Structure formats: structure tokens, C-alpha cells
There are 2 protein chains.
Amino acid sequence: MVRPRLKDVAELAGVSIKTVSNVVNDYPHVSDETRARVEAAIAELSYRPNLSARSLRAGRSGVVALAVPDLDNPYFAELATNVIEAADRRGWTVLIDQTQGDRAKERVVISGIRDHLIDGLLFSPLALTGKDLAGRDERTPMVLLGERIGTGRSPYDHVGIDNVAAARAATLHLAERGGRRIAAIGVQRTAAAATGRLRLKGYQQALAEAGVPADPSLVAPVARWGRADGAEAMSRLLDAGAPDAVFCFNDTLALGALRTLLKRGYAVPGEVMVMGFDDIQDGRFATPTLSTVAPDKALIAQSAVDLLAERLSGGTGRAHEVCAPHRLAFRESTDVPGEGHSRTLN
Amino acid sequence: MVRPRLKDVAELAGVSIKTVSNVVNDYPHVSDETRARVEAAIAELSYRPNLSARSLRAGRSGVVALAVPDLDNPYFAELATNVIEAADRRGWTVLIDQTQGDRAKERVVISGIRDHLIDGLLFSPLALTGKDLAGRDERTPMVLLGERIGTGRSPYDHVGIDNVAAARAATLHLAERGGRRIAAIGVQRTAAAATGRLRLKGYQQALAEAGVPADPSLVAPVARWGRADGAEAMSRLLDAGAPDAVFCFNDTLALGALRTLLKRGYAVPGEVMVMGFDDIQDGRFATPTLSTVAPDKALIAQSAVDLLAERLSGGTGRAHEVCAPHRLAFRESTDVPGEGHSRTLN
DNA sequence: TACCTGGTTTACAACGATGTAACGAACTGG
DNA sequence: CCAGTTCGTTACATCGTTGTAAACCAGGTA
């Protein structure tokens, strides 16, 4: 009933503990006969190695942590899926932390409390400042996902996308399709919120470039990036005078905005075009389907895992910066009939 | 640079290893002066206990595994969120396994390969059979989520909902609202797929009860329960002669079906009503908003964690069966104007 | 002074696995 | 026939932590 140890197997097979260990670890110099006897004993007791003991001995656990704000958010859920798959390919197990984008919780994550349980950390922070990061003791390798934090050169590997360029391209698309009053939903008042700032920057660049007037009243702030926030922000925008296009800083905001528009009787894309960011599954099945910026999530996850693997195998060079590619997915929500051909990509 | 151990702290503080351990573990009989010295040393070296060593010693790791088919599916993502929160309240960390609903992977999960890393397992299987379960050696406590597996009395605690009753209520609602050709999307041909069978049963019961003819051609099978499957199944149904209502066995199927309906020009709920199951966030922001069966996910997660905790603290009684409550959320997708008052709950 | 009491601290042995070094036995070659 | 090699196996120490039991040191009591 109690879990068998190497010792139990050894006694049953009539060999030493180490020989059993050797069989378990495929050590080559074990005679066929001994190996067979040991394997039989292992099967009989259904022995499983104790991973805690192994980690202790090896100094490795085979577990990496993924810290994200919230799995409720489909973007992070999809990212987590990809991370788990990539980790699986390396034989790693993924342990998930939810920070709720809360600075205190994010600090706990980097504090190293779990450092001895995990071999590495994949971290997608929202509220952390450069100072928080600087205070970290760097014993457990960490790869940052999403936005770069702080200004100076960070000692941490980082995987992200070019938010400014992506937002710029998305906004330009709206302008090309005839948007003259292009709103933006997603700026946040908090000090951290780097991603929002970058996307705002891209949005502003695009307006300037396209010669579309930048109206500050068309920039709608939100508390968080959920559907409800998008819906509410859209409501405010409409009350203040309807825009003819909206660039939302992520897809859940966009789906919320879309909901408000349709509920209040606006035709999308006829009267108002909507563009999102992230390419979550929901957007492909919304009506109208949601145009969006599609970052390569699989590549982001794979790169992050690869970077971590490199650090784990002793890589000590300076921090790597990976900028994952993105593409624009033009779907129905920006597909104005008669305005040029539809460049729907999928 | 290397991680400090108790020994290093002890040397710096000029005390024994055990005293440091006592300080770390809040053992009461340590003099204030010693405690202060030790704490200073801990801070100076920024010592963190090695959790692998602790687990080895304690026989506990503080880690539980949650095995679900796929975090991409919002239902499981939301469930995972709740589980992580509930586990957090007990000081546990959650490690996530994705099985893809694949029987081979599900068998690996129960095989106990990780038994020594985790204290317990929360498992939401899709493809597993009673036989697979019976072969498990029961050393690590496991709580099953979702459908009951096999026919006989299972030795495992289980948390689920009354699928038959829920599906029946959902279908009755469609009938009350005037549905006469009520379709169902979600039966699967695979042997496992117990959940689908139960929901089908509830659907059929409701039809009989409401005196609505049961037309087998209105029951649309699908391969999986994703949005694309729902969209495709709806397409087939429409081709064969449009129903006036559809009960989808989960919300992603429903969102897919909704997409097809709107794309092909059907008014929802005017011409076809749509009902889902799960109450995922997306449904609340779809247009029209999606009526659905809302299981109490927080309670499911909490119960599962509680049951596991009980087993971990030595509880050995017979298996518990928890049937979590559900309610119906009536939203726009079944809200036929003029057909009685609208019982929208949220 | 000798003894007890109770708080404080310590040495030691586990927890289960694996790397190291060393052992005996069976070969090889000179 | 013996030194040298290879193969299979083993004893031992170790990873970092904590429970146990015992040692130590006051202060109080007899």
C-alpha cells in the first residue's frame, strides 16, 4: 500500500539499490538477466521514482512556471496552451501562476519563493516596474513575455512583438478603408501598462501618417482589458459622438465594443469599423468576424521555452531579445464593401 | 552566487543548522536575540528553502495537478482559473496537464508517472473508460471532474452537475418559447463521450415531455466541441431543413452555430433560437447574447479542492459524489418578443 | 549545595535517489 | 600463467531539510 522505493525493488529482485537505479536510468552495463529480474520487480510493485528525491539530487525538477495575469483571458489561455506544448516537447511540466496583473502578486512571483521547485520561469507581467525587476536575485532563469519593462538594458531574455508597428499597421488599415474619426480603446492610467502605451503610439503615428486628425476625445481609457471594459468604453465614445472606426488594443476589448455597437444599432463595418489585437479564437466566430493583429503565439511560446532551455544548459551570454512576427488578419469587421478589394487573409 | 543552504545561513549566524530551520519554520522556542541574528543572515544571503528537499523530507510537495483536455476551451480555462484560486487559498500550487481529450495521454495522467511530484490530482477526463480507471493504483488521491466514468461504483470522489436535468430544462425552455423543430448539436460517435450522451438524454426527455416530435435528422453529430464543429454542424442542419431552435451541448458549439446562422441570414432568435451550455464569458458578449446553462464553476472548483484536501488529510471513507448546482441564463438568443415575458437572469 | 524545571540549542538520522570509486570475475594478450 | 583490461555490480557519500532525542543553561526549590 505504501509507495515502494528503490530499496523495496532491490530486495525483491535480490540486487543492490544502485543496480535498480541503473536499470531505471537505462545505464548500459547491466546484464540482460539482471535487467529482466529488476524490471519484473518494478512491474510487480509498480514502482515509480520519487521526483522530489531526484530533483534534490539532481538540482533540477523538470518543472517550469508560467506566470500570467489570468487564464480567463483567452489570449493568455491560448498562450498557455502553446507554452505547455512546447515545454512538453522538452519533457518539462508547467506550473501556472495567476497574478491578476496585481503588482504585489507579481512581486511574489519574481521573489524566488518557488525558486527551488522550478527550474525556470516564464513571466508575463503587467504591473511590474523596472525597480521591482532590478531587485530580483537572478538564480532561477527567467524569460519575460509581452512588454519590455523599464528603460535600460534588462538582464533578462525577452520575447515580444513590435507593438508600435503592429498598432500602426492596424490603424493605417482603418484609415485606408476610409476611417476619418478613428477611435482607440485601451489606454490605461496606471504607471505600468507599457503595452497600452506602445499601441497608442503606433495608433498616433498612423493617424499622423495618414493625415487623419488626432482627436483626443476619441481615445478611450479603460481600467482593464476585458470585454466589459470594451463595451463600456464604446458606450462612452458613442455618447460623445460616434467614430467611424475603432482600434481596440486587444480582442476582448474589441468584442465588448462590438457588442455595444450592435446593441445600439450601429452597422459594423458599415457605420463603424472595428479592429482588435491578439487573434483569439472568439474573434473568428463573432459576427461580424473580427479583424485583428495576429501575433504568432506558437512561435512566442516556442522561443520563450527555447531561451529558457539555453539558460538552463548554462548559457550566460547577454540577454536575448526576440521579436516575434505578427500579421494582420482582415476580416468582416473592417470589410467595407466597395472600398478596394478585401484582403481577408483567413 | 550559488544558492545558499541552511548550512550557509547557520555559519554566517553562528548557530546550528537546526536553529536556522527552527527560525524558518516559526518554531516558538527561539530566543529573540538568536532569531534576529538568524533572520539577518537569511536576509543577507537571501536564503530560500529548497522545496525539493522539503518535499522529500515531508512526503508532500504542495503541488496538485489539474488535467484538462485543453485550455483553449474557455470552459476549461475558466475552470482552471477557479481551481488555481481555490488551491491558492490552501497554499497549493497547480500544475496543468493538457490531454487533448486523447485517451493515451489521459492514461499517462492516471498512470502515476508524476505521483511523486504531486500530492493529488484533479482530473477532467474525456476519453477514459472505466477499465482504464480500474487499473490505476490508488496511491495519489484523485478527484474526477465532469462526467462519471464507467457504470459501477467508482472509488474516486467526483464533482459534476446533473447533465440530464440541465439539458432537459434547457430544451424545455426552447419548447416553451415556441420551438417545434428543436435541433441538438453535440453528440459524438466515440464510445466515451458520456457527457454528450447525458445531455442528449435530457434533450430527448424534454421533447417527449413537451410533446414536440423527436426528429432524428435534427440531431447533429460532431467530432469535437469547438466553434468550428458547431458552425459546420449548423450548416448541415440548415441544408437539411432549418430548425426553429438549437440546443448546443456547449457554448463554443453554440457560438459556432450562431455564426453560421447569422452568416446565412437567419434571424436569431426570430427565426432560430440558440441555447448553449457552460456560460462562458464570450456568450455574454455575443450578439445576440447567448442563453445557456450556467454551472457553478467556482463551486465545482472549490468542492474538488476540498475533497482532495480531505483525502490528503487522511480521509478514507467511501467516494463522495458532489452534484454542483446549475441555473439557466436566459439571454437574447432565446428571447422571442411577444412570447411571454423575458426571464433574463443576467 | 544538590536537584529539578523548562526554555533553548544541538547532533544525528532519516527522506529516496544517483555519482563516484572500488570491487570481483571473466576475459585478453604476451 | 600473470598483468592488464573490461564488464557487472556494489558500498558509500551526498543533495537540503526536518523530526527526535538529548545536551545545555539558566533560575527556582528543597
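Rules of the game
Residues numbered from 1 in each chain as written. Chains lettered and ligands numbered in written order. Predicted model: local features only at pLDDT ≥ 70, side-chain atom pairs only at ≥ 80, totals over all residues. Heavy atoms only, no water. Near = heavy atom within 4 Å. Polar contact = N/O pair within 3.5 Å; in protein donor to acceptor, adjacent residues only side chain to side chain. Helix = DSSP H or I, 4+ residues; strand = E, 2+ residues; numbered from the N terminus. Nonpolar A, V, L, I, M, F, W, Y, C, P; charged D, E, K, R; others polar. Phe/Tyr/Trp six-rings, centres within 6.5 Å; stacked < 30°, edge-to-face > 60°. Buried < 20%, exposed > 50% of the residue type's maximum accessible area, 1.4 Å probe, protein only. Lys NZ or Arg CZ within 6 Å of the ring centre and 35° of its normal. Salt bridge = Lys/Arg side-chain N within 4 Å of Asp/Glu carboxyl O. Core = buried A, V, L, I, M, F, W, Y, C linked by side-chain atoms within 4.5 Å. Pairing = 2+ DSSP bridges. Right-handed = clockwise from strand over helix to strand, strands pointing away.

What's the story with the protein's contact with DNA strand D in this structure? I'm lost.
In the vicinity of DNA strand D, 25 residues are found, and the nearest of them are Thr19 and Thr34 of chain A together with Leu6, Tyr47 and Arg57 of chain B. One nitrogen or oxygen atom from the main chain of Ser31 of chain A is found 3.0 Å from a phosphate oxygen belonging to DNA strand D. The separation between a phosphate oxygen of DNA strand D and a polar side-chain atom of Tyr47 of chain B is 2.3 Å. Listing elements by their share of the surface near DNA strand D, those giving two or more residues are α2 (17–24) and α4 (51–58) of chain A together with α2 (17–24) and α4 (51–58) of chain B.

Help me understand the protein's contact with DNA strand C, please; the structure alone is not making it clear to me.
The full set close to DNA strand C counts 25 residues, and Leu6, Tyr47 and Arg57 of chain A together with Thr19 and Thr34 of chain B are the nearest of them. Here Arg57 of chain A contributes a side-chain N or O atom positioned 2.4 Å from a base oxygen of DNA strand C. Breaking the surface near DNA strand C down by element, the ones donating at least two residues are α2 and α4 of chain A together with α2 and α4 of chain B. Among the elements that make up the surface near DNA strand C, the one with the highest residue count is α4 of chain A (4 residues). Classifying every residue of the surface near DNA strand C by side-chain character gives 10 nonpolar, 9 polar and 6 charged.

How do you make sense of the packing of aromatic side chains when you look at a structure like this?
Centre distance and the angle of the planes are the two values used to describe a pair of aromatic rings. Counted under the stated rule, the structure contains 8 aromatic pairs over all chains. Ring plane angle 40 degrees and centroid distance 6.5 Å describe the contact between Phe247 of chain A and Phe277 of chain A, whose orientation is recorded as tilted. Of this pair, Phe247 of chain A sits in strand β8 (residues 245–248) while Phe277 of chain A sits in strand β9 (residues 273–277), and the two are 30 residues apart along the sequence. Neither Phe247 of chain A nor Phe277 of chain A differs from the other in exposure class; each is buried. For the ring pair Phe247 of chain B and Phe249 of chain B, a centre distance of 5.4 Å and an interplane angle of 55 degrees mean the geometry is tilted. For the pair Phe247 of chain B and Phe249 of chain B, one class covers both residues: buried. Feature note: the residues Trp225, Phe247, Phe249 and Phe277 of chain A constitute an aromatic cluster, connected by ring pairs. A cation over an aromatic ring shows up here: Arg90 of chain B above the ring of Trp92 of chain B, its NZ or CZ 6.0 Å from the ring centre. Geometry around Phe277 of chain B places Arg199 of chain B over its ring, the cationic atom sitting 3.5 Å from the centre.

Even after reading the chapter, I still don't get the pattern of salt bridges, so can you show me in this structure?
Where side chains of opposite charge bring their charged atoms close, a pairing between them can arise. Residues and elements named next belong to chain A. In total, this model carries 32 salt bridges over all chains according to the counting rule given. A salt bridge links Arg37 to Glu33, with the nearest nitrogen and oxygen atoms 2.7 Å apart. In this pair, Arg37 and Glu33 both sit in helix α3 (residues 32–45), 4 residues apart, roughly one turn of the helix. Its relative accessible area of 34% is what places Arg37 among the partly exposed residues.

Please clarify how the nonpolar core should be interpreted in this entry.
Side chains of nonpolar character tend, in soluble globular proteins, to be buried together. Ranked by size, the top nonpolar core spans 150 residues in total, and within it Ile96 and Ile185 of chain A together with Ile96 and Ile185 of chain B carry the most contacts. In terms of nonpolar packing, the next biggest core, distinct from the first, is built from 34 residues, Ile110 and Leu128 of chain A together with Leu117 and Leu144 of chain B among them.

Is there a simple way to explain the pairing of strand β6 (residues 182–187) of chain A in this structure?
Looking along a regular strand, one sees side chains alternate from face to face of the sheet. Residues and elements named next belong to chain A. Where burial is concerned, most of β6 is hidden: 6 out of the 6 residues are buried. Summarising the sheet, β6 and β8 pair through 4 bridges and their orientation is parallel. Counted as the bridge partner of Ile185 is Cys248 from β8. Bridge count for β6 against strand β7 (residues 219–221) is 3 bridges, and the pairing is parallel. What sits directly across from Ile185, in β7, is Ala220. Crossover β6 to β7 through helix α9 (residues 194–210) is right-handed.

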